[in-house]
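One letter stands for each residue in the lines below.
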Amino acid sequence: MVTKIRRPELGSITLSAIVSVYLLAITNNSFWTHAAIYFDHSRLSLLSFGAAMTLATFAGMMLVSAKYIMKPVLIFLIVASAAAAYFIDYFGVIIDKDMIGNAAVTTQAEASHLLTGSLVLHLFLYAVVPSLFVVWVKVRHQRVLPKTATTLAIVIPCVLVSGGLIYSDFASVAYVIREHKDLMKRFNPTGPVSAALKYASSTYKERNIAVQPLGTDARQGARVAAAGKPVVVVVVAGETARAMNFSLNGYGRETNPELKSLGAINYTDTTSCGTATAISLPCMFSVYPRNEYTEWKARSTENLVNVLTRAGVSVSWWDNNTGSKGIADLISFASMTNQKNSPLCNNGECLDEIFLGELDKKLTATKSNSVIVLHQLGSHGPSYYLRYPEKFRKFKPDCRTAELMKCSVEEITNAYDNSILYTDHVLASVSRLLEKHQNDISGAMIYMSDHGESLGENGIYLHGAPYAIAPREQTQVPFVTWFSKPYQAAMGVDTSCLAKETDQPKSHDNLFHTVLGMMDVETKVYNRELDAFANCTRQDPPGKSNGSAFQAADTAKDLPAPIVPATIMPGAKAL
Ligand SMILES: [Zn+2]
């Protein structure tokens, strides 16, 4: 005989209350912990705010408690809250509109690193099991009119009391929410759900964007015309490299041995535009400085690669990451991750050395002034250990899983530092290729990372924190450049002059104007003030020095200046 377990029967009010308690107690760890910190001036304020949030949540659940609507909505809220809580609680990330945007444009390979055993287990325990409970229970629903009356009789007092609690302590609550914009974003389910709605609405608005032309007057100047051979600038758009782990910036471990021995020029104080690729990358190539930048402006205005193209520069974008975020829509674009048979590639991802063979071929064939953008995979987490080959596994033991919480901070840092060591090798290799072809081209390399990374400092991992509260780990980025001798001579760049200015603050605002300057592009949209190299670059072709901004070149006809060793901040030491 089979004993049938009877489905429990609950009223819709009881189920609303159970789910409210579940969401508040189980999926809001980070919200309550931060509320406790932010309200530390008054325990009474915290209690009153907590009570107001609890009543508001219950009122919200009651509003969706109608027959046929209730179960699907509750399940959706439970799954959304449980999934968001995983990333908020374990990685310390905040799920705002930009983070949803990052998730929406991510590649399968990138997403697969986040689909770990712990995530599956977490979702099973905190999303699937409670959802099955909601499916299983029988809900008693009243008829429409009595149901409406009961709902209003509960919701109205809840809203009034909740509002009254907030109102009675308005100064304190308003202060905390204004000063700590992350707090309400941490609240499940409204934080991630409203972020997703905001993202959907902005994507909808942008669907028929008309892109405005930029730099229609752009043309190449006299220096590049007199260069005698093609001028080639390789722009390396880095990924997730943070400045403080570069030994060129004084990090206690030697993570930049190759760039150091090449005498690359390193800027020690450079800030990013955003804390995630989807913001930083378009911002780096945009004419707008960070304080004026919006996603809308970037998408509706042409960018650096278009201005270069208008000036007659041949521009290519090679991508070993998740695409150019619309920047390279109008120029030659090649994805490196398509090279499935290369030993450098695995599961749709390739090591950054994938660029080098192609670059060698391209430089052999280059007959015109060119800019080649290399969009790296760099140090993209959480699978840092997949970002470098065995040969660069210098710092051990290294964390060899995407589940960072299973590794110690030391293991995570070791893996991350190995990825930086590998980026050092890739950047130096790009420079060496430009040097190898220097009889035929005048080449230079400029590198900036898109944003940094948190490696567990204050319990925060990965990146994408709202800029206003983002830690330095996520906003201080490396900025390195290298010039071949023919480039220095043709373009009048004085590297010893540059080496003296490397401690001046720089930012992503500089990239647009600096690359235009590097290619000697003349246009109204070029701002010399923001060209990081302008002070140390002669404005006229060799031989013509009248009115030169760079006086040293007047006497030194034979540039280049000697290559100087990279600047190292005090306190730097090799391991
Ligand atoms: Zn990025």
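Scroll up to find the structure this text is about.
Residues numbered from 1 in each chain as written. Predicted model: local features only at pLDDT ≥ 70, side-chain atom pairs only at ≥ 80, totals over all residues. Heavy atoms only, no water.

(A) Examining the overall build of the protein more closely. Within the protein, the secondary structure is distributed over 23 helices and 17 strands. Expressed as lengths along the three principal axes of its C-alpha atoms, the size of the protein is roughly 95 × 50 × 45 Å. Out of the 575 residues belonging to the protein, those deemed buried represent 55%. Restricting to contacts in the protein with at least 6 residues of sequence separation, those with at least 24 account for 79%. Summing over all exposed atoms, the protein offers an accessible surface of approximately 25300 Å²; the carbon and sulfur share of this is 59%. Placing the 52 positive and 49 negative side-chain charges of the protein at their respective mean positions leaves the two points 8 Å apart. (Helix = DSSP H or I, 4+ residues; strand = E, 2+ residues; numbered from the N terminus. Buried < 20%, exposed > 50% of the residue type's maximum accessible area, 1.4 Å probe, protein only. Contact = heavy atoms within 4.5 Å. Areas by Shrake-Rupley, 256 points an atom, 1.4 Å probe, with all protein chains shown as cover. Lys, Arg positive; Asp, Glu negative; His and termini not counted. Charge placed at Lys NZ, Arg CZ, Asp CG, Glu CD.)

(B) Structural context of the coordination of the zinc ion. The coordination sphere of the zinc ion contains the protein donors Glu239 (OE), Glu239 (OE), Thr277 (OG1), Asp450 (OD) and His451 (NE2), at a distance range of 1.9 to 2.7 Å. Judged by relative accessible area, which is 0%, His451 ranks as buried. (Donors = N, O, S within 2.8 Å, 3.2 Å for Na, K, Ca; no water.)

(C) Seen up close, the packing of helix α1 (residues 12-26) against helix α7 (residues 117-136). The contact between α1 and α7 brings their axes to 12 Å, and the two run at 175 degrees. If you check the angle between α1 and α7, you find them roughly antiparallel. Packed against α1, whose contacting residues are Leu15, Ile18, Val19, Tyr22 and Ile26, the element α7 presents Leu125, Tyr126, Pro130, Phe133 and Val134 at the interface. Across the contact of α1 with α7, the residue classes break down as 10 nonpolar, no polar and no charged. (Axes fitted to C-alpha atoms, helices over the stretch in contact; angles between N-to-C directions. Parallel < 35°, antiparallel > 145°, perpendicular 65-115°, else oblique. Nonpolar A, V, L, I, M, F, W, Y, C, P; charged D, E, K, R; others polar.)

(D) Region of interest: the sheet that holds strand β15 (residues 479-483). Read from one edge to the other, the open sheet built from seven strands follows the order β5-β15-β12-β4-β11-β7-β8, with strand pairing classed as mixed. Edge strands, defined here as strands with exactly one partner in the open sheet, are β5 (265-267) and β8 (332-335). Pairwise comparison of adjacent strand axes, ignoring direction, gives a mean angle of 15 degrees for this sheet. Where strand β4 (residues 231-238) lies against strand β11 (residues 370-375), six bridges are found, and the strand directions are parallel. If you follow Val235 over to β11, its bridge partner there is Val373. Contacts from helix α17 (residues 354-365) reach β4, β7 (314-319) and β11 within the one sheet, and its direction differs from that of β7 by about 165 degrees. (Pairing = 2+ DSSP bridges.)

(E) View of empty space enclosed by the protein. In this structure the tally under the stated criterion is three cavities of 30 Å³ or more. Lining the largest cavity are Arg223, Phe483, Tyr487, Met491, Val493, Thr514, Gly517, Met518, Asp531, Phe533 and Thr537. Those elements that place two or more of their residues in the lining of the largest cavity are α20 (485-491) and α22 (509-518). Element by element, the count of residues in the lining of the largest cavity is highest for α22, at three residues. (1 Å grid on protein atoms, 1.4 Å probe; cavity = no way out; pocket = protein on both sides within 12 Å on 5 of 7 lines; lining within 4 Å. Points joined across faces, edges and corners; volume = space filled by probe spheres on them.)

(F) Spatial organisation of the nonpolar core. Counting 54 residues, the largest nonpolar core has Leu434 and Met445 as its most contacted members. Examining the composition of this core, we find that 12 residues originate from one element, helix α18 (residues 409-436), more than from any other. Discounting residues that sit within four places of it in the chain, Met445 has contacts with Val234, Val236, Leu259, Leu427, Val430, Ser431, Leu434, Val480, Thr481, Trp482 and Met518. Residues Tyr267, Val371, Ala490 and Phe512 belong to the second largest nonpolar core, which totals 48 residues. (Core = buried A, V, L, I, M, F, W, Y, C linked by side-chain atoms within 4.5 Å.)

(G) Here's a closer look at the pattern of salt bridges. Under the counting rule described, the total for this entry stands at 17 salt bridges. A salt bridge links Asp417 to Arg253; the nearest nitrogen and oxygen atoms lie 2.7 Å apart. Separated by 164 residues along the polypeptide, Asp417 in helix α18 and Arg253 in the loop between β4 and α13 (257-262) bring together distant segments of the chain. Measuring nitrogen to oxygen at the nearest pair gives 2.8 Å for the salt bridge that ties Asp398 to Arg400. Each of Glu390, Arg393, Asp398 and Arg400 takes part in salt bridges that share partners, so that together they form one network. (Salt bridge = Lys/Arg side-chain N within 4 Å of Asp/Glu carboxyl O.)

(H) Quick look at a positive patch on the surface. On the surface, a cluster of positive charge is contributed by Lys4, Arg6, Arg7 and Lys138. Owing to a relative accessible area of 76%, Lys4 belongs among the exposed residues under this scheme. (Patch = residues over 30% accessible without salt bridge, like charges linked within 9 Å, V, L, I, M, F, W, Y side chains within 5 Å.)

(I) Representation of helix α2 (residues 29-38) in the model. What α2 keeps buried is the set Ser30, Phe31, Ala35 and Tyr38. Along the axis of α2, the buried residues cluster in a sector spanning 130 degrees; they form a single face. Where α2 is buried, its residues meet α3 (43-63), α4 (70-91), α9 (170-179) and α10 (182-185). (Arc of directions from axis to C-beta.)

(J) Representation of the state of the cysteines in the model. Enumeration over the complete set of coordinates arrives at four disulfides. One disulfide in the model links Cys497 with Cys536; its S-S distance is 2.0 Å. In this structure, the disulfide formed by Cys497 and Cys536 twists by about -70 degrees around the S-S bond and is classed as left-handed. Highlighted residues: Cys497 in helix α21 (residues 495-499) and Cys536 in the loop between β17 (521-522) and α23 (552-555), separated in sequence by 39 residues. The class for Cys497 is buried, based on a relative accessible area of 18%. What makes Cys536 buried here is its relative accessible area of 0%. (Disulfide = S-S within 2.5 Å.)

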